[in-house]
Amino acid sequence: MATEICRVLLVDDDEDDYIVTRDFLSEAEQVGFKLTWVDNYNAGLAEISQNRHDVYLFDFRLGKENGLELLQAALQMGCQKPIILLTGVGDHDIDQKVMAAGASDYLVKGTTLSATLLERSILHAIERKRSELRQNQLVAELAIANQELKDFAYIVSHDLKAPLRGIASLADWLVRDYGDQLDDEGQEMLQLMRGRVRRMGDLIDGVLQYSRVGRVRDEKTEVDLNQLLAEVIDIIAAPSGIKIVIETELPTVFVERTRIQQVFQNLISNAVKYMGHPEGTIRIGHTQEEDFWQFFVADTGIGIEKRHFDKVFQIFQTLVPRDKSESTGVGLAIVKKIVELYGGHLWLTSQVGQGSTFFFTLPCHLPDSHLAD
Amino acid sequence: MNSSDPILLVEDDRIDVLNVKRGLREIQAANPLHVVEDGEAALEFLRNPQNPKPALILLDLNMPRMNGLELLQVLKHDPGLQTIPVIILTTSQEDKDRRESFQLNAAGYMVKPLDYEDFVEILQAIYRYWCLSQSPS
């Protein structure tokens, strides 16, 4: 470490303070300091704009300006080096102000300041600043990667649809125009092809829906869940043998309306879809916990084996053979994504042959959904 | 629009062009169909006095050179072309595309279905409507 040279700029209107600082730094044990001194605000700012130093020390008093103003001006210029404020008198207010403004440290001159303390403060400030910059860079890179991933799912699935539609049309025209020239086997192949094309279309729509949850951001509004549930039940239009009961007076929540609608719509339509017999009951309700609501959607359907509990929440996972199901396995993945976006949890309990109950929580104070940024 | 009025299709996908041609034949729409591959070619067609003025434009959004939204933007500000009804025929289900299309005076927005039969139905509905609707001459 001794070979490393640390370049320090001191902006201080008092020459005596410069001498003290110079002497302190000359005693440094871990690194060699090279000190430059200027005695006023403008000269300090001019030096900072050159970006030639590793750390800045500002005296709080600088004639008619002060160190806080210089700090703000330096940051505005895009200064990415640590800045330490020095002052003659300890003042809690100023301390808080300069730290909030972005200073790396605040040191009181005089008897409490020593060579060791100054050196330590400088080295720590440099290290902290470095890791702060590194972290900012990582966060920025992550944000870009995240955005690219969202765009990727969207663009890819979107662009896949055009050629798929072409295949669907051609298969259709083959049947129409040349159907009579094909034997049964040829006809069946074309039918299978159209079925697969449709399934692939559904899967692509699923990816689009799933990626839309994180990508598109709507306005949050006050949503009365009693009213929303009435609409959702209306849309689902369950067969008459299936009774849907809302057991509690549901709360009003502050969320994106389409998202919470997707949550209930998917859970309730799944309950209908997997009822397994023409009659059954779906119960919906909630409990109020300390700082979150816990909702449930319970059915009397076919149930899910415990070993499949995790699987049902994964995208494209279904528990029935693909040829026998119109389900793409996207619904519960979307529910999970939305609930977790709001900082809640989603889980289920189930007895095979008896029915399943899906639970999810919503914090009463929802965090801003930064995933959509 | 009557059955002798020309329709302009702006579409770069050959199979989609076939789709529209077949579909129009199937619903017995005898209107002459002119096909161009992108927005720039559409403008060249529309601004050439030798060509007939179409009574309806069917417009894809995603195309090379000049896309559908860019073409709408130009049409909206061209007094000679702004009254031609434009129906968007696209794969995009994005709300953003729908919003922008209508902000730019689109007369309709149809998402191309996967099924040819569904497509014929859509085409039939569009065609019937525009046969009833009276456009300015």
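Our subject is the structure that appears above.
Model, not experiment: these values are computed from the prediction.

Student: Explain empty space enclosed by the protein here, please?
Tutor: One water molecule sets the probe size; rolling that probe over the atoms shows where empty space is left. Tallying each qualifying case throughout the model produces three cavities of 30 Å³ or more. Quantified by volume, the largest cavity comes out at close to 50 Å³. The wall of the largest cavity is formed by Ala168, Asp172, Arg194, Val197 and Arg198 of chain A together with Leu114, Asp115 and Tyr116 of chain B. Of all the secondary-structure elements, those providing two or more residues to the lining of the largest cavity are α5 (115-178) and α6 (184-215) of chain A. A total of three residues in the lining of the largest cavity trace back to one element, the largest contributor, which is α6 of chain A. Residue composition of the lining of the largest cavity, by class: four nonpolar, no polar and four charged.

Student: How do you make sense of the pairing of strand β6 (residues 83-87) of chain A when you look at a structure like this?
Tutor: Residues and elements named next belong to chain A. Among the five residues that make up β6, five are buried, leaving the element largely enclosed by the rest of the structure. Burial along β6 is two-sided: Ile83, Leu85 and Thr87 facing one way and Ile84 and Leu86 facing the other are all buried. The pairing of strand β3 (residues 55-59) with β6 spans four bridges and is classified as parallel. Following the sheet pairing, Leu57 is matched in β6 by Ile84. Bridge count between β6 and strand β7 (residues 105-108): four bridges; the pairing is parallel. Looking at β7, one finds that Ile84 is bridged to Asp105. Each parallel crossover has a hand, and for β6 linked through helix α4 (residues 92-101) to β7 it is right-handed.

Student: I tried to follow the interface of chain A and chain B on my own but got confused; where do I start?
Tutor: As a measure of interface size, the accessible area lost when the parts come together is often cited. Opposite the 23 residues of chain A that make contact, chain B presents 18 residues. Broken down residue by residue, the surface that chain A buries against chain B is led by Arg165, Trp173 and Arg176 of chain A, which jointly contribute 40%. The tally of links from chain A across to chain B stands at five salt bridges. A salt bridge links Arg22 of chain B to Asp177 of chain A; the shortest N-O distance between them is 2.7 Å. Connecting chain A to chain B are six residue pairs in polar contact (both at pLDDT 80 or more). Elements supplying a minimum of two residues to the side of chain A that touches chain B: α5 and α6 of chain A. The element that contributes the greatest number of residues to the side of chain A that touches chain B is α5 of chain A, accounting for 15 residues.

Student: Where do I start with the nonpolar core in this structure?
Tutor: A general trend in soluble globular proteins is that nonpolar side chains are found buried together. Grouped together as the largest cluster of nonpolar side chains are 41 residues, with contacts concentrated most on Leu225, Phe264 and Phe360 of chain A. At the level of elements, α7 (225-236), β10 (252-256), α8 (257-273), β11 (280-288), β12 (292-299), α9 (331-341), β13 (346-351) and β14 (355-363) of chain A are the ones that each hand at least two residues to this core. Top contributing element to this core by residue count: α8 of chain A, with seven residues. Apart from residues no more than four positions distant in its own chain, Phe360 of chain A is found in contact with Val263, Phe264, Leu267, Trp293, Gln294, Phe295, Val339, His345, Leu346 and Trp347 of chain A. Counting 24 residues, the second-largest nonpolar core is a separate cluster that includes Leu46, Ile84, Ile88 and Leu104 of chain B.

Student: Help me understand the pattern of salt bridges, please; the structure alone is not making it clear to me.
Tutor: Two side chains bearing opposite charge may form a pair once their charged atoms approach each other closely. Counting across every chain of the model gives 31 salt bridges over all chains. In this structure, Lys64 of chain A engages Glu65 of chain A in a salt bridge whose closest nitrogen and oxygen atoms are separated by 3.4 Å. Residues participating in the shared-partner salt-bridge network are Arg165 of chain A together with Glu11, Asp16, Asp60 and Lys112 of chain B.

Student: Please explain a nonpolar patch on the surface as it appears in this structure.
Tutor: Residues and elements named next belong to chain A. Together, Phe152, Val156, Leu160 and Met200 make up a nonpolar patch on the protein surface, roughly 340 Å² of accessible area in all. With three residues, the top contributor of residues to the nonpolar patch is α5. The topology assignment puts Met200 in helix α6.

Student: In this structure, what is going on with a negative patch on the surface? I would like to understand it.
Tutor: All names here are of chain A. A cluster of like negative charges, contributed by Asp13, Asp14, Glu15, Asp16 and Asp39, occupies part of the molecular surface. With respect to the helices and strands, Asp39 occurs in the loop between β2 (32-38) and α2 (41-50). Here Asp39 falls in the partly exposed class, since its relative accessible area comes to 42%.

Student: Would you take a moment to explain the sheet that holds β2 of chain A for this structure?
Tutor: All names here are of chain A. Judged by pairing direction, the sheet is parallel, and its five strands sit side by side in the order β2-β1-β3-β6-β7 without closing on themselves. The two strands at the open ends of the sheet, each matched to only one other strand, are β2 and β7. Ignoring strand direction, the axes of neighbouring strands in this sheet form an average angle of 25°. In this sheet, β3 lies alongside strand β1 (residues 5-11) in parallel orientation, the contact comprising four bridges. Its bridge partner lying in β3, Leu10 is registered against Leu57. Docked against the sheet, helix α1 (residues 15-26) engages β1, β2 and β3, running at close to 170° with respect to β2. Helix-sheet contacts for α4 involve β6 and β7, and the interaxial angle to β7 is about 150°.

Student: Looking at this model, I keep getting lost on the side chain of Ser356 of chain A. Mind explaining?
Tutor: Residue and element names in this part refer to chain A. Along the chain, the position of Ser356 falls in strand β14. The exposure class of Ser356 is buried, given its relative accessible area of 4%. One polar contact links Ser356 to Ser350, side chain to side chain, over a distance of 2.9 Å. Contact partners of Ser356, with chain neighbours within four places excluded, come to Val297, Ala298, Asp299, Gly303, Ile304, Thr349 and Ser350.

Cut-off values and rules
Residues numbered from 1 in each chain as written. Chains lettered and ligands numbered in written order. Predicted model: local features only at pLDDT ≥ 70, side-chain atom pairs only at ≥ 80, totals over all residues. Heavy atoms only, no water. 1 Å grid on protein atoms, 1.4 Å probe; cavity = no way out; pocket = protein on both sides within 12 Å on 5 of 7 lines; lining within 4 Å. Points joined across faces, edges and corners; volume = space filled by probe spheres on them. Helix = DSSP H or I, 4+ residues; strand = E, 2+ residues; numbered from the N terminus. Nonpolar A, V, L, I, M, F, W, Y, C, P; charged D, E, K, R; others polar. Buried < 20%, exposed > 50% of the residue type's maximum accessible area, 1.4 Å probe, protein only. Pairing = 2+ DSSP bridges. Right-handed = clockwise from strand over helix to strand, strands pointing away. Contact = heavy atoms within 4.5 Å. Buried area = accessible area lost by both parts, 1.4 Å probe. Salt bridge = Lys/Arg side-chain N within 4 Å of Asp/Glu carboxyl O. Polar contact = N/O pair within 3.5 Å; in protein donor to acceptor, adjacent residues only side chain to side chain. Core = buried A, V, L, I, M, F, W, Y, C linked by side-chain atoms within 4.5 Å. Patch = residues over 30% accessible without salt bridge, like charges linked within 9 Å, V, L, I, M, F, W, Y side chains within 5 Å. Areas by Shrake-Rupley, 256 points an atom, 1.4 Å probe, with all protein chains shown as cover. Lys, Arg positive; Asp, Glu negative; His and termini not counted. Charge placed at Lys NZ, Arg CZ, Asp CG, Glu CD. Axes fitted to C-alpha atoms, helices over the stretch in contact; angles between N-to-C directions.

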